[in-house]
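Descriptive structure summary
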Amino acid sequence: MRFAEVLLRLGCNLVGWMVIYSHCIWLAVIPQIVCGPEGDELYRLSLGFSPVAIGAALLLGLAHKLPSVVGYLKWLALPLIILVPLAVIPILSALETTTFGSMGFCESIAATGWQRAWAPIQAVTLMIIAAASILFVAKRN
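So, here is what we can say about the structure in this document. All figures in this text were calculated on a predicted structure; none of them were measured in a lab. (Residues numbered from 1 in each chain as written. Predicted model: local features only at pLDDT ≥ 70, side-chain atom pairs only at ≥ 80, totals over all residues. Heavy atoms only, no water.)

Counting its secondary structure elements, the protein contains five helices and zero strands. For the protein, the spread of C-alpha atoms along the principal axes amounts to about 55 × 25 × 25 Å. Counting across all 141 residues of the protein, residues that qualify as buried make up 40%. Considering only contacts in the protein between residues 6 or more positions apart, those separated by 24 or more positions represent 77%. (Helix = DSSP H or I, 4+ residues; strand = E, 2+ residues; numbered from the N terminus. Buried < 20%, exposed > 50% of the residue type's maximum accessible area, 1.4 Å probe, protein only. Contact = heavy atoms within 4.5 Å.)

In this section: the pattern of salt bridges. Where charged atoms of side chains with opposite charge meet at close range, the side chains can pair. A complete count under the given rule lists two salt bridges for this structure. The salt bridge partner of R9 is E5, with a shortest N-O separation of 3.0 Å. In this pair, R9 and E5 both sit in helix α1 (residues 3-29), four residues apart, roughly one turn of the helix. Residue classification places R9 among the buried positions, given a relative accessible area of 14%. Residue E5 is classed as partly exposed on the basis of its relative accessible area, which comes to 31%. A salt bridge links R44 to E41; the shortest N-O distance between them is 3.9 Å. In this pair, R44 and E41 both sit in helix α2 (residues 41-59), three residues apart, roughly one turn of the helix. (Salt bridge = Lys/Arg side-chain N within 4 Å of Asp/Glu carboxyl O.)

Residue placement: H23 occurs in helix α1. Under the relative-accessibility criterion, H23 is labelled buried at 0%. The contact partners of H23, leaving out residues within four places of it in the chain, are S46, F49, S50, A53, Q122, T125 and I129.

Together, Y72, W75, L78, I81, I82, L86 and I89 make up a nonpolar patch on the protein surface, roughly 830 Å² of accessible area in all. Top element by residues in the nonpolar patch is helix α4 (residues 80-99). It accounts for four residues. You can see Y72 is positioned in helix α3 (residues 67-73). Accessibility expressed as a relative area gives 60% for Y72, which makes it exposed. (Patch = residues over 30% accessible without salt bridge, like charges linked within 9 Å, V, L, I, M, F, W, Y side chains within 5 Å. Areas by Shrake-Rupley, 256 points an atom, 1.4 Å probe, with all protein chains shown as cover.)

We now examine α4. Among the residues making up α4, those that are buried are L80, L83, A87, P90, I91, A94, L95, T98 and T99. The arc enclosing the buried residues of α4, seen along the axis, measures out at 150°, which places them on a common side. Within α4, the exposed residues directed more than 90 degrees away from the buried face are I81, I82, I89, L92 and E96. For α4, the elements touching its buried residues are α1 and α5 (113-138). (Arc of directions from axis to C-beta.)

Counting residues in hydrophobic clusters, the biggest one holds 36 residues, and the most contacted among them are W17, I20, L27, L80, I91, W118 and F136. Of all elements in the fold, only α1, α2, α3, α4 and α5 reach the threshold of two or more residues within this core. Excluding anything up to four places from it in sequence, F136 contacts N13, W17, L60, A63, H64, V70, L73 and K74. (Core = buried A, V, L, I, M, F, W, Y, C linked by side-chain atoms within 4.5 Å.)

Set out below in structure tokens:
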């Protein structure tokens, strides 16, 4: 394996973890944001960032051709033990109020289509992230 390929695989793995962390942190911070004139902007940003987070989760497996380094990279999954439960809280809240209750995120008006779809999309994104992380940690070389 050439040096450039090693750097590419390591870089993809590290960037994947950073994108996953940032997505989970955004989801965890959403309940702390005060609703104002642009209160649902973070919801829209996290919705648009979901495909990027899914792509980043799929990048994690690229480092498995580096068996001596994968052991060092596996510890990067540990922060998700804290981040994923914090990210689930706003998703469950949005499922209850917006998806099933048809209320907007910040306003007491009817939810729009993207607002109703936000929680299911985020739930699927978090499941893909969790599955990719578990597969990365559990895979043996």
